[in-house]
Amino acid sequence: TQVIQRSSEFLRFLVSEELLAVEDIQKILSCARKGDSETKQAIFKVISDIVIHFKEPQSKFLINYILSLPKEQIDVEILELLCDIIKYSTKNKESISEVANFLWELCTDETQRELAEITLPKFSDLLKSWDLREIRGNYINLSVELLKTSKAIKACLRIIEKVLESYQKKETQMDPYSQSD
């Protein structure tokens, strides 16, 4: 794993010089699948470190790769990588929406409670982002619909709370009477 960690600088150089193709990323991910959990963790950490330099095709490939993984293979490192891609490397609204829907599904999946617990804070943070401002209300509506059926109560209430908090903060920041001198 030390070799993998040291390769971060080299991979960052390749990405910045636009020499790291999607095929190369496929090979790196293939190594992650074959390795033990420590190797996999190191590979995803390196990818997270360089994702800020990715161009749209690389980001789109990585998003599609992660979204196609079985739920059993999703863990904290993969979720962090996915959120890093959305935060730093893509502004494609379709990709951002796909990731938000994916995280929504994970958060509200009562059959995978542990995964839902680790996904919920990441999804809540993503909902507060500027890129999702247009579709935040959709997740409030989806949460209310789930609450009506008594499913994923904790996740739905937390999602509603985070979305409403994000609106409140923005209104307060814009209100000249609530700003302190």
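Coordinates for the structure precede this section.
Summary of the structure given here.

About the cut-offs
- Residues numbered from 1 in each chain as written.
- Predicted model: local features only at pLDDT ≥ 70, side-chain atom pairs only at ≥ 80, totals over all residues.
- Heavy atoms only, no water.
- Helix = DSSP H or I, 4+ residues; strand = E, 2+ residues; numbered from the N terminus.
- Buried < 20%, exposed > 50% of the residue type's maximum accessible area, 1.4 Å probe, protein only.
- Contact = heavy atoms within 4.5 Å.
- Areas by Shrake-Rupley, 256 points an atom, 1.4 Å probe, with all protein chains shown as cover.
- Lys, Arg positive; Asp, Glu negative; His and termini not counted.
- Charge placed at Lys NZ, Arg CZ, Asp CG, Glu CD.
- Phe/Tyr/Trp six-rings, centres within 6.5 Å; stacked < 30°, edge-to-face > 60°.
- Expected span 1.5 Å × (residues − 1).
- Bend = angle between axes of the 7 residues up to and from the residue.
- Disulfide = S-S within 2.5 Å.
- Core = buried A, V, L, I, M, F, W, Y, C linked by side-chain atoms within 4.5 Å.
- Patch = residues over 30% accessible without salt bridge, like charges linked within 9 Å, V, L, I, M, F, W, Y side chains within 5 Å.
- Salt bridge = Lys/Arg side-chain N within 4 Å of Asp/Glu carboxyl O.

### Observations concerning the overall build of the protein
Okay, so step 1: Assigned secondary structure in the protein consists of nine helices and zero strands.
Okay, so step 2: Across the protein, helices and strands are ordered from the amino to the carboxyl terminus as α-α-α-α-α-α-α-α-α.
Okay, so step 3: Each principal axis of the C-alpha distribution contributes one length, and for the protein these read about 50 × 45 × 25 Å.
Okay, so step 4: Taken across its 181 residues, the protein has 40% of its residues classed as buried.
Okay, so step 5: Residue pairs in contact within the protein that sit at least 24 positions apart in sequence constitute 66% of those at least 6 positions apart.
Okay, so step 6: Carbon and sulfur atoms make up 53% of the accessible area of the protein, which totals about 10,600 Å².
Okay, so step 7: One way to put it: in the protein the 25 positive side-chain charges average out to a point 1 Å from where the 30 negative ones average out.

### Considerations on the packing of aromatic side chains
Okay, so step 1: What the rule picks out here adds up to three aromatic pairs.
Okay, so step 2: Ring centres of tryptophan 104 and phenylalanine 123 lie 6.3 Å apart, and the angle between their planes is 55 degrees; on these two criteria the pair is classed as tilted. With tryptophan 104 in helix H6 (residues 93-107) and phenylalanine 123 in helix H7 (residues 113-127), the pair connects residues that are 19 residues apart, well separated along the chain. We note that tryptophan 104, like phenylalanine 123, is buried.
Okay, so step 3: With centroids separated by 5.9 Å and ring planes inclined at 50 degrees, the aromatic side chains of tryptophan 104 and tyrosine 139 adopt a geometry described as tilted. Taken together, the residues span a long stretch of sequence, with tryptophan 104 in helix H6 and tyrosine 139 in helix H8 (residues 136-148) at a distance of 35 residues.

### Examining helix H1 (residues 2-16)
Okay, so step 1: With 15 residues, H1 should reach 21 Å at 1.5 Å per residue; the first-to-last C-alpha distance of 22 Å fits that figure.
Okay, so step 2: Most pronounced at serine 8, the bend in H1 amounts to some 35 degrees.
Okay, so step 3: Residues Ser8, Leu11, Leu14 and Val15 constitute the buried set of H1.
Okay, so step 4: Packed against the buried residues of H1 are helix H2 (22-34) and helix H3 (37-50).

### Observations concerning the state of the cysteines
Okay, so step 1: What the rule picks out here adds up to zero disulfides.
Okay, so step 2: The thiol of cysteine 156 is unpaired, and the distance to the nearest cysteine sulfur, on cysteine 107, comes to 9.2 Å.

### Describing the nonpolar core
Okay, so step 1: Ranked by internal contacts, the top residues of the largest apolar core, which has 51 residues, are Phe54, Leu103, Phe123 and Ile159.
Okay, so step 2: The element best represented in this core is H6, accounting for eight residues.

### Some points on a nonpolar patch on the surface
Okay, so step 1: Together, Phe10, Phe13 and Leu19 give the surface a local cluster of nonpolar side chains, amounting to about 330 Å² of exposed area.
Okay, so step 2: Within the secondary structure, phenylalanine 10 sits in helix H1.

### Topic: H7
Okay, so step 1: Between its first and last C-alpha, H7 extends 20 Å over 15 residues, near the 21 Å set by a 1.5 Å rise per residue.
Okay, so step 2: For H7, the principal kink sits at threonine 119 and spans about 35 degrees; a proline, proline 121, occurs within the next four residues.
Okay, so step 3: Listed as buried for H7 are Leu115, Ala116, Thr119, Leu120, Phe123, Ser124, Leu126 and Leu127.

Note that every value here comes from positions in space, so none of it alone points to a role or purpose.
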